[in-house]
Every structure is written in C-alpha cells, then in structure tokens.
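Examining the three-dimensional arrangement
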Amino acid sequence: MSPIKMQRIESGLRLALDLVSFINTRALGSILGLLSEGCVVESEGRAPSDSVFKGAAEIRGYFVALFAKKKGLVLRVEELFGFGHRCVAAWEGGWEENGSRQTLRGIFIVQEKNDKIDKVSIYTKSGKGE
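Thresholds applied
- Residues numbered from 1 in each chain as written.
- Predicted model: local features only at pLDDT ≥ 70, side-chain atom pairs only at ≥ 80, totals over all residues.
- Heavy atoms only, no water.
- Helix = DSSP H or I, 4+ residues; strand = E, 2+ residues; numbered from the N terminus.
- Phe/Tyr/Trp six-rings, centres within 6.5 Å; stacked < 30°, edge-to-face > 60°.
- Buried < 20%, exposed > 50% of the residue type's maximum accessible area, 1.4 Å probe, protein only.
- Lys NZ or Arg CZ within 6 Å of the ring centre and 35° of its normal.
- Pairing = 2+ DSSP bridges.
- Axes fitted to C-alpha atoms, helices over the stretch in contact; angles between N-to-C directions.
- Contact = heavy atoms within 4.5 Å.
- pLDDT = per-residue confidence, 0-100.
- Expected span 1.5 Å × (residues − 1).
- Arc of directions from axis to C-beta.

1. Quick look at unusual backbone geometry
If you check the backbone angles, Asn114 has positive phi at about 55 degrees while not being a glycine. Even without glycine at this site, Asp115 takes up a positive phi of about 65 degrees. Positionally, Asp115 belongs in the loop between strand 5 (100-113) and strand 6 (116-125).

The following block contains the structure:
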C-alpha cells in the first residue's frame, strides 16, 4: 500500500481514538476541534429527527446532554479498523446511574475529510433486547 493511502487510513484511526479519549476526559473543546465545519453526528436516539446533530452548536449540545445524563461515562475501545476515509471503532462503555453501574456496547462509524471528522454515526446495544 502506498504511503499516501496508508496515511489516509491512519488519519481516520487517530481521529476515532482521539474522539474516544476526549469523551473519556469530557474535553468538549477538544472534541469540537476534531470536527469539520459541517460535521454531522447521528446519535443512538430512536427517532431520526431527535438523533441528528449538525454543526458545532448542535453537537456541543448533544455532548453536554450526554455527559450530564451518563455521569462518569468511560469508553474502552475493543476493536478498531479503517478503510479509506472511514473507520469503525467498537467500544464498551460504563457509567454510574442511581447508585448502580450501567454498561453499554456500541460502535462509532467515523468519516474523515481533510483530517477532520466529517460524520459520526453511533450505534449501541444495551443488552436489554431493545
């Protein structure tokens, strides 16, 4: 594989790892710094109209609400792979809620453009059969 193509794959992988790291440290400014100007985040919400966030202001609001709802959220990457401008990160997450430990598994599908995250699609599995 040529160095240019490999660099493209590595860029997406680095962005996905940085996203997880910044989520774990609640570094909202750093998360927003990873994103392209027109970035779209499709969250794990059930209704499409409630789960698509476009641009810095909406995405900031999404992460502020996520951090408030899932106190102490920590993600651990289980598997990471990329191809071209896309990367998939499989993760396991945990947080405290009402005195008990909650867990969640999911994936991020990250699309990279010009060394920035241009789109993140988030899919989760709660283990509750939902």
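Having seen the model, we can carry on.
2. Focus on the packing of aromatic side chains
Counting across every chain of the model gives 4 aromatic pairs. Residues Tyr62 and Phe63 carry aromatic rings whose centres are separated by 5.0 Å and whose planes lie at 70 degrees to one another, so their mutual orientation is edge-to-face. Among the residues examined, Phe63 registers a relative accessible area of 5% and is labelled buried. Centroid distance Trp91 to Phe108: 5.5 Å. Interplanar angle 45 degrees. Geometry classified as tilted. On the criterion of sequence distance, the pair formed by Trp91 in strand 4 (residues 86-97) and Phe108 in strand 5 is long-range, its members being 17 residues apart. The two residues Trp91 and Phe108 agree in class, both being buried. Over the aromatic face of Phe67 sits the side chain of Arg26, whose NZ or CZ is 5.6 Å from the ring centroid. Above the ring of Trp95, the side-chain terminus of Lys70 is found at 4.7 Å from the ring centroid.

3. Structural notes on the sheet that holds strand 4
Read across the open sheet, the 6 strands follow the order 2-1-6-5-4-3; overall the sheet is mixed. What marks the edges here is a single partner per strand, and that holds for strand 2 (52-54) and strand 3 (74-83). If you compare each strand with its neighbour and ignore which way they point, the axes differ by 15 degrees on average. As defined by bridge partners, strand 5 adjoins strand 6 across 9 bridges and the pair is classed as antiparallel. Pairing of Gly106 across the sheet is with Thr124, part of strand 6. Taken strand by strand, helix 4 (residues 55-69) contacts strand 1 (35-42), strand 2, strand 4 and strand 6, and its axis lies near 130 degrees from that of strand 2.

4. Quick word on the confidence of the model for the chain
A low pLDDT score tells you not to read the predicted coordinates there in detail. Of the residues in the chain, 85% have a pLDDT of 70 or more, and the chain-wide mean is 88. Model confidence for the chain, summarised as mean pLDDT per element, is weakest for helix 3 (residues 48-51) at 70 and strongest for helix 2 (residues 28-34) at 97.

5. Considering helix 4
Over its 15 residues, helix 4 extends 21 Å from the first C-alpha to the last, a length consistent with the 21 Å expected when each residue adds 1.5 Å. For helix 4, every residue scored as buried is listed here: Gly55, Ile59, Tyr62, Phe63, Leu66 and Phe67. Taken around the axis of helix 4, the buried residues stretch over an arc of 125 degrees, which confines them to a single face. Away from its buried face by more than 90 degrees, helix 4 exposes Ala57 and Lys69.

6. Focus: the environment of Val74
Among the secondary structure elements, Val74 is positioned in strand 3. By relative accessible area, Val74 is classed as partly exposed at 40%. With 18 residues separating them along the chain, Val74 and Glu92 place their C-alpha atoms 8.3 Å apart. Beyond its immediate stretch of four places on either side in the chain, Val74 contacts Asn24, Glu92, Gly93 and Gly94.

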